[in-house]
Amino acid sequence: MTVHALDPILREGAIRQLYRHPEIELRTENASGPGTVVLLVEDVLNEAVLTRLRRLVHSEGSRAVLVVRSMGKSELLDVIECGVSAIVWRHEANETRLTRAVRAAAHGGGDLPADLLRQLLDQAGALHRDAAGPSLTPA
């Protein structure tokens, strides 16, 4: 797995949280590629980050774990569309939480904070209701 962060302190902090786990093989930042888990640590989610995620996942075949401070409702669908496997809030990014997200991504699974999972389910429900149209009640 590789750790990407523009801020070197954030990068080293994430590496420090993961290095104690021998099952997680840390590689240099330029070692992404098919099947490689990439941990991307960002302050804010913007178009540059989304473009980077799309490249890592769709072009290079990596499995992305996003660590971010905050995210709006519309941005959640953008991140899902990028192919992100797991999302971790920065304020929750401790050793246990990061390790769980990286392992899930490595095994082809996903991992979302509970509040984001609820948002995603609410959005999916709304899309389903809109697609089904108004419900008819018997006369």
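Read on for an overview of the structure. (Residues numbered from 1 in each chain as written. Predicted model: local features only at pLDDT ≥ 70, side-chain atom pairs only at ≥ 80, totals over all residues. Heavy atoms only, no water.)

### Comments concerning the overall build of the chain
Scanning the chain from N- to C-terminus turns up five helices and four strands. Secondary structure elements of the chain occur, N-terminal to C-terminal, as β-α-β-α-β-α-β-α-α. With the C-alpha coordinates aligned to their principal axes, the bounding extent of the chain is approximately 65 × 30 × 25 Å. Here the chain holds 139 residues, and 40% of them are scored as buried. Taking all contacts inside the chain whose residues are at least 6 apart in sequence as the whole, residues at least 24 apart take part in 65%. Of the side chains in the chain, 16 bear a positive and 18 a negative charge, and the two mean positions are spaced by 4 Å. (Helix = DSSP H or I, 4+ residues; strand = E, 2+ residues; numbered from the N terminus. Buried < 20%, exposed > 50% of the residue type's maximum accessible area, 1.4 Å probe, protein only. Contact = heavy atoms within 4.5 Å. Lys, Arg positive; Asp, Glu negative; His and termini not counted. Charge placed at Lys NZ, Arg CZ, Asp CG, Glu CD.)

### A word on the nonpolar core
Ranked by size, the top nonpolar core spans 18 residues in total, and within it Met1, Leu18, Leu39 and Val65 carry the most contacts. For this core, the secondary structure elements donating two or more residues are strand S1 (2–5), helix H1 (8–18), strand S2 (37–42), strand S3 (63–68), strand S4 (84–89) and helix H4 (95–106). In terms of residue count, H4 provides more of this core than any other element does, four residues in total. Counting 17 residues, the second largest nonpolar core, distinct from the first, contains Leu50, Val57, Ala64 and Ile87. (Core = buried A, V, L, I, M, F, W, Y, C linked by side-chain atoms within 4.5 Å.)

### Thoughts on the side chain of Glu42
Summarising the element assignment, Glu42 is placed in strand S2. With relative accessibility at 9%, the residue Glu42 sits in the buried group. Discounting chain neighbours no more than four positions away, the residues touching Glu42 are Val49, Arg52, Leu66, Val67, Val68, Arg69 and Arg90.

### A closer look at the packing of H1 against H4
In a packed pair of helices, the relevant descriptors are the angle between the two axes and the axis-to-axis distance. Two elements in contact, H1 and H4, have axes separated by 8 Å at closest approach and are oriented at 80°. The pairing of H1 with H4 is recorded here as roughly perpendicular in orientation. Residues Ala14, Gln17 and Leu18 of H1 form the contact with H4, whose participating residues are Glu95, Leu98, Thr99 and Val102. (Axes fitted to C-alpha atoms, helices over the stretch in contact; angles between N-to-C directions. Parallel < 35°, antiparallel > 145°, perpendicular 65-115°, else oblique.)

### Points about the sheet that holds S4
Taken in spatial order, the four strands line up as S1-S2-S3-S4 in an open sheet, and their pairing is parallel. Sheet topology places S1 and S4 at the edges, where each strand pairs with a single neighbour. Mean inter-strand twist for the sheet, computed between neighbouring axes without regard to direction, equals 20°. Relative to S4, S3 runs parallel, the two being bridged by five bridges. Bridging across to S4, Ala64 finds its partner in Val84. Relative to S4, helix H3 (residues 73–82) is tilted by about 140°, and along the sheet it contacts S3 and S4. (Pairing = 2+ DSSP bridges.)

### Let's talk about the side chain of Asp111
Within the element layout of this structure, Asp111 appears in the loop between H4 and helix H5 (114–132). In this structure the side chain of Asp111 is engaged in a polar contact, spanning 3.2 Å, whose partner is the side chain of Arg100. Setting aside anything within four residues of it in sequence, one finds Asp111 in contact with Ser85, Ala86, Ile87, Arg97, Arg100, Ala101 and Ala104. (Polar contact = N/O pair within 3.5 Å; in protein donor to acceptor, adjacent residues only side chain to side chain.)

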